[in-house]
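Coordinate analysis (summary)
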Amino acid sequence: MALAAGSLAQASCLSAPERDNLAVFDAMWETIDEWYFDPAMNGLDWAAIRRDWRPRAAKAETQAALYLDVLVPILDQFDSSHIDIRPPDVITLPSGRSFKMPRQKPGSSNLLPSADEAGLGAKLTWIAPGFVVEDVELSGPAYDAGLRPGQSVKLSSLRRIAPDSKELKLVETQSNQVMTIRWTPKAPPPGTEGRTLEDGTDYLRFNVFDQSSIDWVMTNIQQAPPSRLILDLRDNTGGVIAEVGRLLSILLPVGSDIGVFKTRQGVHRGKTLPSPTTFAGPLAVLIGPRTASGGEIGAAALQHGQRARLFGARTAGAVLGSRTFSLPDSGKLTVPFSDYVSPQGLRIEGIGLSPDVEIARTAESALKRVDPALLAASQWLDQQKGPGVSARA
């Protein structure tokens, strides 16, 4: 009773902004305490973090200070993906203040929003300790500034120079060359792409595991049954685990192992279910550093079942099930509640999934407008024979 009375007395001494700050802090702390998949809290003394950081949260003078000086640094201490906090609005930085840049995490590997990335004409993906240039559009702003596939670069500055124009300065890690890129944002490519290659191979790319994307994949397979198929998951950041299972049920036998999902409540082993249509023909899958979460789960299950050959580069290593919660100020908190172990018995989080054939874009391939992983997958499929689509009653 005395402790409760003391807490009430302390709360009554707080200003309204301080109470609002603490409401956000307490909601964040309690939600992570309840839902974070690891009861050991990633080795952190979670009670001590509350004791040490709560007073700082109360004294934060602005929303920027609350998030960037307190909440984000706390989450940066977790060495895991899928843990993130976002303010309700775009943060306005006070004049004269500097804030530590949030730690880059797997699964949030791209540097820029999609419209900026399309305008830039390059893919910069975080692979510690820097950003690796995965692809460069020939004659685009990044290419003209000297950026080439395979380079490792670090961020020097990013600023808006006009209402519709931005400037990015990068430093090449080996030569210390500074590259300045100016661009205007433009519409990114669509999230799905389907086409038939010159050799007759069907190519399907989709960037998220949601119902509409998997419906799209299924429709493509049903309406124009392929003899051989390439699935491009290099930009697939994951999505709904049930949709991962639905795709795998098209490609794998019923009852195939998807992997083990571990939560505070227990352990669940995923299995494929019956599907009205299956594709049993030769299959290649393209993966890379942006392949994350559900994309990695799908690729791991196909690799384990020896159902597909994987081409490209190691994946992001961001394979945790997560849930997003609303905070009292309408901010959003994402918490990983489930760990994943592949059918091979491997934990992919923080490590990534290795392809069967490792191959990446190069400066030479950019000049020739060649996609080496796609080309290698197509050449391998040309050597394969097998059945195509079959219908189940």
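Since this is a predicted model, take the numbers as computed values, not measurements. (Residues numbered from 1 in each chain as written. Predicted model: local features only at pLDDT ≥ 70, side-chain atom pairs only at ≥ 80, totals over all residues. Heavy atoms only, no water.)

Our next topic: the environment of Ile 74. As for its placement among the helices and strands, Ile 74 is situated in helix 4 (residues 63-75). Spatially, the C-alpha atoms of Ile 74 and Trp 53 are 8.2 Å apart, while their sequence positions differ by 21 residues. Apart from the residues within four sequence positions on either side, Ile 74 is in contact with Phe 25, Met 28, Trp 46, Ile 49 and Trp 53. (Helix = DSSP H or I, 4+ residues; strand = E, 2+ residues; numbered from the N terminus. Contact = heavy atoms within 4.5 Å.)

Attention now goes to the pattern of salt bridges. Opposite charge on two side chains allows them to pair when their charged atoms are near. Summed over all chains, the structure comprises 23 salt bridges. Where Arg 269 meets Asp 257, a salt bridge forms, and the shortest distance between an N and an O atom there is 2.6 Å. Of the two residues, Arg 269 sits in strand 11 (residues 266-271) while Asp 257 sits in strand 10 (residues 257-263), which places them 12 residues apart along the sequence. (Salt bridge = Lys/Arg side-chain N within 4 Å of Asp/Glu carboxyl O.)

All told, the structure shown has 10 aromatic pairs when counted by the stated rule. Between Trp 35 and Phe 337, the ring centres sit 6.4 Å apart and the planes meet at 80°, which makes this aromatic pair edge-to-face. On the criterion of sequence distance, the pair formed by Trp 35 in helix 2 (residues 16-35) and Phe 337 in strand 16 (residues 332-341) is long-range, its members being 302 residues apart. Of the residues examined, Trp 35 reaches a relative accessible area of 26% and is grouped as partly exposed. Residue Phe 337 is classed as partly exposed on the basis of its relative accessible area of 28%. Aromatic pair Tyr 36 and Phe 78: ring centres 4.8 Å apart, planes at 55°, arrangement tilted. Linking Tyr 36 in the loop between helix 2 and helix 3 (46-59) with Phe 78 in the loop between helix 4 and strand 1 (84-86), this pair joins segments that are 42 residues apart in sequence. (Phe/Tyr/Trp six-rings, centres within 6.5 Å; stacked < 30°, edge-to-face > 60°. Buried < 20%, exposed > 50% of the residue type's maximum accessible area, 1.4 Å probe, protein only.)

All right, on to the environment of Gly 352 then. By secondary structure assignment, the location of Gly 352 is in the loop between strand 16 and strand 17 (357-358). A C-alpha to C-alpha distance of 9.1 Å links Gly 352 and Thr 291, two positions 61 residues apart in sequence. Residues in contact with Gly 352, not counting those within four places in the same chain, are Glu 296, Arg 314, Thr 315 and Gly 317.

Bringing the sheet that holds strand 6 (residues 178-183) into the picture now. Strand pairing in a sheet relies on backbone hydrogen bonds. The paired strands run either parallel or antiparallel. A sheet is described by the order of its strands in space; here five strands give the open sequence 2-3-4-5-6, paired in antiparallel fashion. Each of the sheet's edge strands pairs with one partner strand only, and the pair in question is strand 2 (122-127) and strand 6. On average, each strand axis in the sheet is inclined to that of its neighbour by 35°, with strand direction left out of account. Where strand 2 lies against strand 3 (residues 130-136), six bridges are found, and the strand directions are antiparallel. Residue Leu 124 lies in a different strand from strand 3, and its bridge partner there is Val 133. (Pairing = 2+ DSSP bridges. Axes fitted to C-alpha atoms, helices over the stretch in contact; angles between N-to-C directions.)

A few words now on helix 2. In this model, helix 2 (20 residues) spans 29 Å end to end at C-alpha, consistent with the 28 Å of a helix rising 1.5 Å per residue. On its buried face, helix 2 is in contact with helix 3, helix 4, strand 1, strand 15 (321-326) and strand 16. (Expected span 1.5 Å × (residues − 1).)

The subject of this paragraph is the packing of helix 2 against helix 3. Relative to each other, helix 2 and helix 3 sit at 160°, their axes nearing to 8 Å. Considering their axes alone, helix 2 and helix 3 lie roughly antiparallel with respect to each other. Taken as a pair, helix 2 and helix 3 cross one another with a handedness that is right-handed. Where helix 2 abuts helix 3, its residues Glu 18, Asn 21, Leu 22, Phe 25, Asp 26, Trp 29, Ile 32 and Asp 33 lie against Trp 46, Ala 47, Ile 49, Arg 50, Trp 53, Arg 54, Ala 57, Ala 58 and Lys 59. In the contact of helix 2 with helix 3, the residues fall into 10 nonpolar, one polar and six charged. (Parallel < 35°, antiparallel > 145°, perpendicular 65-115°, else oblique. Left-handed = near helix turned anticlockwise from the far one by under 90°. Nonpolar A, V, L, I, M, F, W, Y, C, P; charged D, E, K, R; others polar.)

Counting all residues, the mean pLDDT for the chain is 89, and 89% of those residues have values of 70 or more. In this model, residues 1-6 is a region of pLDDT below 50 whose contacts with residues beyond four sequence positions or in other chains number zero contacts. Within the model, pLDDT remains below 50 along residues 389-393, and this stretch shows 17 contacts once partners closer than five positions in the same chain are excluded. (pLDDT = per-residue confidence, 0-100.)

Before going further, it helps to spend a moment on the sheet that holds strand 13 (residues 283-287). Strand order in the open sheet made by the six strands is 7-8-9-13-14-17, with mixed pairing throughout. Taken across any chain shown, the strands that pair with only one partner, and hence form the sheet edges, are strand 7 (192-196) and strand 17.

Time to look at helix 9 (residues 294-304). Of all the 11 residues making up helix 9, 10 are buried; the element is thus mostly covered by neighbouring parts of the structure. Residues of helix 9 that are buried: Gly 294, Gly 295, Glu 296, Ile 297, Gly 298, Ala 299, Ala 300, Ala 301, Leu 302 and Gln 303. Among the structural elements, helix 8 (241-251), strand 10, strand 13, strand 14 (309-312) and strand 16 are those in contact with the buried residues of helix 9. Immediately beyond the C-terminal end of helix 9, within one or two residues, lies Gln 306, with a positive phi of roughly 50°.

Another aspect to go through is the pairing of strand 6. Side chains Met 179, Ile 181 and Trp 183 project from strand 6 onto a buried face, and the interleaved Val 178, Thr 180 and Arg 182 project onto a face without burial. Pairing of strand 5 (residues 165-172) with strand 6, which is carried by six bridges, proceeds in the antiparallel orientation. The residue bridging Val 171 from the neighbouring strand is Val 178, located in strand 6. What sits between the antiparallel neighbours strand 5 and strand 6 is a turn of five residues, in which Asn 176 has the positive phi angle 65°.

Attention shifts here to the pairing of strand 13. Among the five residues of strand 13, five are classified as buried, and the element is accordingly described as predominantly covered. On strand 13, burial covers both faces: Leu 283, Val 285 and Ile 287 on one face and Ala 284 and Leu 286 on the other are all buried. As judged from the four bridges shared by strand 9 (residues 229-232) and strand 13, these two strands associate in the parallel manner. In the strand pairing of strand 13, Leu 231 is matched with Val 285. Once the chain exits strand 13 it traverses helix 9 before rejoining the sheet at strand 14, and the crossover so formed is right-handed. (Right-handed = clockwise from strand over helix to strand, strands pointing away.)

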